[in-house]
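Reading the structure
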Amino acid sequence: MTANDPKQAQNENTSPYIPVQDYAGQGYSLPNGEKTGAFVKTHKKEIVDQVNKFFKEKYHLEVTTHNLVGATNAVVAYVESKGEPHFHTSVIVGVDTVNQKVTGNVGAYEGKVEDSIMSGLYAMAYEKEFKNLDRFAESVVKKYPVIGTPQQMINNTVDVGYTTPYFSISTSNISFPEAYKEFMHNHNVSKMELRKLIEKRPFNKENVDVGIIFYMVEKHAIPDKKIAEKIIAQFKGLDEVAPGSYGIFIESNDILKRTGAAKSDTGTTSGKDEIIKKLGK
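Here we summarise the structure given alongside this text. Computed from a prediction, not measured in an experiment: that's the story for all the values here.

The rules behind the values
Residues numbered from 1 in each chain as written. Predicted model: local features only at pLDDT ≥ 70, side-chain atom pairs only at ≥ 80, totals over all residues. Heavy atoms only, no water. Salt bridge = Lys/Arg side-chain N within 4 Å of Asp/Glu carboxyl O. Helix = DSSP H or I, 4+ residues; strand = E, 2+ residues; numbered from the N terminus. Buried < 20%, exposed > 50% of the residue type's maximum accessible area, 1.4 Å probe, protein only. Core = buried A, V, L, I, M, F, W, Y, C linked by side-chain atoms within 4.5 Å. Contact = heavy atoms within 4.5 Å. Expected span 1.5 Å × (residues − 1). Bend = angle between axes of the 7 residues up to and from the residue. Polar contact = N/O pair within 3.5 Å; in protein donor to acceptor, adjacent residues only side chain to side chain. Pairing = 2+ DSSP bridges. Axes fitted to C-alpha atoms, helices over the stretch in contact; angles between N-to-C directions. Right-handed = clockwise from strand over helix to strand, strands pointing away. Arc of directions from axis to C-beta.

Some words on the pattern of salt bridges
The tally for this structure, following the rule as stated, stands at 8 salt bridges. The residue E178 makes a salt bridge to R201 at a minimum N-O spacing of 3.0 Å. Of this pair, E178 sits in helix α6 (residues 177-185) while R201 sits in the loop between α7 (191-198) and β9 (208-216), placing them 23 residues apart in sequence. One salt bridge in this structure joins R195 and E199, with 3.3 Å as the shortest N-O distance. Residue E199 is classed as partly exposed on the basis of its relative accessible area of 39%.

Structure (structure tokens):
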């Protein structure tokens with residue numbers, strides 16, 4: 001069968017999996033979202049307007065809505081903040097598909113938006129250190145047959161806070177309440193002040209998780225354990241990265257369209273061999 005064989009193209013279209021470099025959220029879905037998904041197509045502007053209003057009124061922030069996904073009697077909006085703090089998150093918009101209207105009820109799982117904002121504030125506070133992490137990741141993709149997460153995939157399926165093509169930060173506003181409260185009081189708070197407020201708290205490895213993720217670049221390739229081991233060893237020797245608990249993962253090239261999850265992965269294991277970094281170490 002040749003690369004241009006129609007049968008091969010048909011198999012790729014009907015397969016539940018897709019190469020990561022071709023994935024931009026197509027087929028991404030949530031349970032019981034079929035009916036609401038159809039509603040989204042005819043009420044997109046109303047839904048986006050409600051999302052914008054929610055963020056402006058509650059957080060005094062502006063966002064871009066990248067994707068609207070149907071759910072049970074609701075639409076989940078995947079959004080990205082404009083400017084700093086930079087983060088991705090999601091909110092739930094209530095809809096009435098029987099009467100064909102947007103209810104105006106917008107909310108999120110408890111703490112989800114606040115935690116996403118805090119992850120963006122953490123990235124601001126340790127801007128230099130995360131730039132070092134970016135340079136490390138860029139060196140990895142030059143050296144090994146791996147790639148980062150496509151930006152469109154991030155925009156349309158990711159809602160875990162500060163996320164780049166190479167890593168994501170997961171933390172909580174409860175972990176650093178002084179920094180979060182100061183930002184909500186003063187959106188112009190400096191990065192230096194945020195850092196001071198964060199470092200008022202004793203270091204706790206549980207407060208910040210950073211996931212460093214690469215995908216195999218060869219289409220349909222499975223994760224290479226040896227590559228993962230080499231990247232982990234190199235990262236352990238890396239200095240001047242932000243404090244936190246780091247996980248490093250090599251994912252398969254194949255992505256499940258419905259969930260955005262890789263078919264398989266290898267790397268560190270949470271609670272077993274994650275890499276703990278303190279400031280400057």
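Quick word on the nonpolar core
Generally speaking, nonpolar side chains in soluble globular proteins are found buried as a group. The biggest cluster of nonpolar side chains holds 66 residues, and the ones touching the most others in it are F130 and Y246. Aside from chain neighbours lying at most four places away, what touches Y246 is F130, L133, V210, I212, F235, V241, E274, I275 and K277. I18, V20, Y23 and Y78 belong to the second largest nonpolar core, which has 12 residues in total.

Regarding helix α2 (residues 34-59)
In this model α2 runs just 31 Å from its N-terminal to its C-terminal C-alpha over 26 residues, more than 12% under the 38 Å that 1.5 Å per residue would give. For α2, the principal kink sits at H43 and spans about 85°. In the core, the buried residues of α2 are packed alongside β2 (63-71), β3 (74-81), β4 (88-96), β5 (101-107), α3 (112-125) and α6.

Here we look at the side chain of T157
Mapping T157 onto the fold places it in helix α5 (residues 151-157). Looking at T157, the relative accessible area reads 9%, which means it is buried. For T157, the side chain forms a polar contact with the main-chain oxygen of M153, separated by 2.6 Å. Among residues more than four places away in sequence, those in contact with T157 are Y23, G25, Y28 and Y78.

Focus on the environment of T36
Mapped onto the fold, T36 is located in helix α2. By relative accessible area, which is 3% here, T36 ends up buried. Between the alpha carbons of T36 and K58 there is a distance of 26 Å; along the sequence they are 22 residues apart. Once residues lying within four places of it in the same chain are set aside, the contact partners of T36 are G70, A71, N73, A74, V75, V95 and T97. At a separation of 2.8 Å, a polar atom in the side chain of T36 contacts the main-chain carbonyl oxygen of A71.

Here's the deal with the sheet that holds β4
In space, the 4 strands of this open sheet follow the order β2-β3-β4-β5, with antiparallel pairing throughout. Strands at the two margins of the open sheet, each flanked by one partner only, are β2 and β5. Across the sheet, the mean angle from the axis of one strand to that of its neighbour is 30°, orientation sign disregarded. Relative to β2, α2 is tilted by about 140°, and along the sheet it contacts β2, β3, β4 and β5.

Remarks on the pairing of strand β10 (residues 244-251)
Most of β10 is tucked away, with 7 of its 8 residues classed as buried. Across 7 bridges, the pairing between β9 and β10 is parallel. Within β10, the position partnered with Y215 by the bridge is E251. Of the crossover connections in this fold, the one passing from β9 over helix α8 (residues 225-236) to the parallel β10 is right-handed. Bridge analysis of β10 against strand β13 (residues 275-277) gives 3 bridges, and the strand direction is antiparallel. Paired with S245 across the two strands is I276, which belongs to β13.

Some details on α6
Helical geometry: 3.6 residues make up each α-helical turn, so side chains three or four residues apart lie on a common side. Residues P177, A179, Y180 and F183 constitute the buried set of α6. An end-on view of α6 places all buried positions within 165° of arc, on one side of the element. For α6, the exposed residues set more than 90 degrees away from the buried face come down to K181 and H185. On the buried face of α6, the contacting elements are α2, α3 and α7.

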